[in-house]
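Observations on the three-dimensional arrangement
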Amino acid sequence: MSETIEIQENGVQNNGYISDKEEKKQSTLPRERKVSYVEDTGNEPAKSDTKVELQSEGFDRLLYKTSETPPIHLLLLFAFQQFLMSISGTLAVVLIASKVICAGDDEEFVAYILSSSLCMNGVCTILMNTIGVRLPLYQGAYGGYILPLLTLLEIDPNKCKVRTTFQGLNSTNASLEITVSEESQLRGVILRNMRELQGCLMLVGVIHMLMGATGLIGVLLRFIGPVTVVPTILLLGIAVVDPILDFCVPNWGISTLVTATGFVLAFYLAKYNMPVAVWTPKGGCRVVKYPLHQVFAILISIVIGWVVSWIITEAGGFTDDKTDKGYKARTDARLKGISAADWFFFPYPGLHGPVSYSTPVFLGFLIATFLSILDSIGDYYACASMSHVPPPPQHAVNRGIMVEGIGTILSGAVGATQATTTYGGNIGSIGVTRVASRSVFIGCGILLIIFGLFGKLSALFISIPYPVLGGSLITMIGMFIGVTLSNLRPISLTSSRNLAIIGTSILIGLLIPEWVKKYGSDIDTGYQDVDFSLKGLFGNSNFVCGILSCFLDNTVPGTLEERGIAAWQSEEEEESTKSLSMTFEEGKEIYEIPLPRKIKMWSGWRYIPFMPDPKREKKERSLSVSALCFGR
């Protein structure tokens, strides 16, 4: 038996653009959605072919839906824009991580880390879009793993100091002084720190993977809702204020230019279509109206900022004093990293030697892993909403978390300094560009792998001026915070209970880490390792806020509807599905892994938490079509 569901709007395919003649006609037509459901038993002709035309007024449709593939030339441009959007975040995390492991001034080692991170970002992005949750998601370097390390670095400021002189004995047992080069000693410290990070990443990656593979995350979803997720992830956005400030400080003018350009193109001019000359074999040369400025707003803003920085650099407008903060606004400030990088670099397990273990680092990473899971769950639902598709079912969420865990294991094995997670900024770009195609993100993953394998190409992005990175991060993180706040929609914002929990959790999440920073010496258990671990935990604002908000949300009386958990559960009530069905451009079939039908119908899948139950899926689809046919 086979099933087919076809959805058309206004009876035509979505080409992503409209011509001058069509623009006026299309604007006057009511929005129509045609749903065709065909069920074929395989033994006889199809029994039913139900077609329903539904009116959907004022629905802001996507240019390219999740399952659609744009033309190859647009696909490459869309993928490259997502790449450039995310490279700033990845580069920021890599630079911060390099500082944490004492490699900030070792540009060759930074190039190695960046190449490894780009390769893993690409691999994990492809896995997430093909066998993971199957939403248009980008997997990038997760800054949450850097936050506990920054806390540990503040606790031990002498971590990166090396000794160059040692006392030894000669053949006559006389004391002598042995001097070694500072560079070799520092490289040894870097490698030791890197191996600790690798071992701990791989260990928490196994835990991360098992939480998705065993369906344990489904149990957590019974206790974790928007009241827990939103303030926790909000503080993650607030925590990166200092790194973003470091990027903007060299030249606020360039950063403002990049941010303002992106906003003008994406939002102020959002209602306008740009005339673009195109040629097709059938239509020949003609002018079409296409929102080119909106679709490529972030890419255009980065290029404009980069060009302006280059012009000012060539004109001598930026200082050439390397100790001046304005020096990093130059386009040639980090060109040394390009010359130091290899032409071809292939990250592999054991590149930096055998991995090791550190309890404080592991505990910090374990907390970051749970935060990453909370972040990803919120991002899955935000992406589904942005892509105009139903919320992901439980098996898709489990599979997504499992794939992220596999990515964490791979990242630790090959020498990336952090795990990968879903990037909220790229989800925000879907709302800006109205392009939700999975193919775009798969293409972005391929580009990431190419740039990661060719060391010179990845090192090229190290030369992006800091203010350009800062301006793009303002737009990206700003949109990410906005998307995070959108997850408050399911909860009751008129409830004093919810408002008190969210406000108190955010405030305490900011107070406790500040106390640790100023009065951390008050933590004294008599055991240095325990003290160090406690300082690392309570110095992490996300940990404090997440634990407190989860505790309060589950102990203060409140209904599931009031807490927003009912709306977040993947198996929604029938009435909720009916009320939201008109805003969906595609159905739950997008979450299914493309496997042969005989394999998908195997009854044993009901016992696998990350695979759909065939009988349940069939029943839900029948109910969904019945609702479309008779529910309106």
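Parameters and conventions
Residues numbered from 1 in each chain as written. Predicted model: local features only at pLDDT ≥ 70, side-chain atom pairs only at ≥ 80, totals over all residues. Heavy atoms only, no water. Helix = DSSP H or I, 4+ residues; strand = E, 2+ residues; numbered from the N terminus. Buried < 20%, exposed > 50% of the residue type's maximum accessible area, 1.4 Å probe, protein only. Salt bridge = Lys/Arg side-chain N within 4 Å of Asp/Glu carboxyl O. 1 Å grid on protein atoms, 1.4 Å probe; cavity = no way out; pocket = protein on both sides within 12 Å on 5 of 7 lines; lining within 4 Å. Points joined across faces, edges and corners; volume = space filled by probe spheres on them. Nonpolar A, V, L, I, M, F, W, Y, C, P; charged D, E, K, R; others polar. Expected span 1.5 Å × (residues − 1). Axes fitted to C-alpha atoms, helices over the stretch in contact; angles between N-to-C directions. Parallel < 35°, antiparallel > 145°, perpendicular 65-115°, else oblique. Left-handed = near helix turned anticlockwise from the far one by under 90°. Contact = heavy atoms within 4.5 Å. Core = buried A, V, L, I, M, F, W, Y, C linked by side-chain atoms within 4.5 Å. pLDDT = per-residue confidence, 0-100.

You will see that Arg 134, though not glycine, has its phi angle at about 65°, which is positive. Among the secondary structure elements, Arg 134 is positioned in the loop between helix H3 (107–130) and strand S5 (139–141). Looking at Arg 134, the relative accessible area reads 9%, which means it is buried. Positive phi outside glycine occurs at His 388, with the angle close to 60°.

This part takes up the pattern of salt bridges. Note on pairing: side chains with opposite charge can pair once their charged atoms come close. For the coordinates displayed, the defined rule picks out 4 salt bridges. The salt bridge involving Asp 332 is made with Arg 330; its shortest N-O contact spans 2.9 Å. Measuring nitrogen to oxygen at the nearest pair gives 2.9 Å for the salt bridge that ties Asp 553 to Arg 497. Note that Asp 553 is positioned in helix H21 (residues 541–555) and Arg 497 in helix H19 (residues 496–519), a separation of 56 residues in sequence.

Counting across every chain of the model gives 2 cavities of 30 Å³ or more. Here the second largest cavity defines a volume of roughly 30 Å³. For the second largest cavity, the full set of lining residues is Ala 111, Tyr 112, Ser 115, Ala 341, Asp 342, Phe 345 and Gly 455. The element that contributes the greatest number of residues to the lining of the second largest cavity is H3, accounting for 3 residues. Considered class by class, the residues forming the lining of the second largest cavity number 4 nonpolar, 2 polar and 1 charged.

With 21 residues, helix H14 (residues 394–414) should reach 30 Å at 1.5 Å per residue; the first-to-last C-alpha distance of 31 Å fits that figure. For H14, a buried count of 17 out of 21 residues is recorded, marking the element as mostly surrounded by other parts of the structure. Note on H14: the residue one or two positions beyond its end, Gly 415, has a positive phi of about 105°.

Where helix H9 (residues 252–268) meets helix H11 (residues 297–314), the axes come as close as 8 Å, and the angle between the chain directions of the two elements is 150°. When the axes of H9 and H11 are compared, the pair comes out roughly antiparallel. Considering how the two elements wind past one another, H9 and H11 form a crossing that is right-handed. Every residue of H11 that contacts H9 at Ile 254, Leu 257, Val 258, Thr 261, Gly 262, Leu 265 and Ala 266 is listed here: Ala 297, Ile 300, Ser 301, Ile 302, Ile 304, Gly 305, Val 308, Ser 309 and Ile 312. Here the residues of the contact of H9 with H11 sort into 11 nonpolar, 5 polar and no charged.

Contact geometry for H9 and helix H18 (residues 466–486): axes closest at 7 Å, N-to-C directions at 45°. With respect to their mutual orientation, H9 and H18 come out oblique. When you trace H9 past H18, the crossing you get is right-handed. Across from Ile 254, Ser 255, Val 258, Thr 259 and Phe 267 in H9, the residues of H18 making contact are Pro 467, Val 468, Gly 470, Gly 471, Ser 472, Ile 474, Thr 475 and Met 479. When grouped by side-chain class, the residues that make up the contact of H9 with H18 number 7 nonpolar, 6 polar and no charged.

All right, on to the nonpolar core then. Counting residues in each nonpolar core, the largest one holds 114 residues, and the members touching the most others are Leu 135 and Phe 365. It is helix H2 (residues 72–100) that provides the largest number of residues to this core, a total of 16 residues. In contact with Leu 135, other than residues within four places in its own chain, are Asn 129, Tyr 380, Cys 383, Ala 384, Val 389, Arg 438, Ile 590 and Tyr 591. In terms of nonpolar packing, the next biggest core, distinct from the first, is built from 11 residues, Val 227, Leu 488, Ile 501 and Leu 552 among them.

Next up on the list: the side chain of Gln 82. Note on placement: Gln 82 falls in helix H2. Looking at Gln 82, the relative accessible area reads 3%, which means it is buried.

In low-pLDDT regions, the fine details of the predicted coordinates are not to be read closely. Across the chain, the average pLDDT comes to 76, with 78% of residues at 70 or higher. Of all helices and strands in the chain, the one with the weakest mean pLDDT is strand S4 (residues 48–55) (38), whereas helix H16 (residues 438–453) scores best (91). When the criterion is pLDDT under 50, residues 1–58 qualifies, and its contacts beyond four places in sequence or with other chains add up to 115 contacts. Low pLDDT (under 50) marks residues 570–582, which in the prediction has 23 contacts with non-local residues, meaning those over four places away or in another chain.

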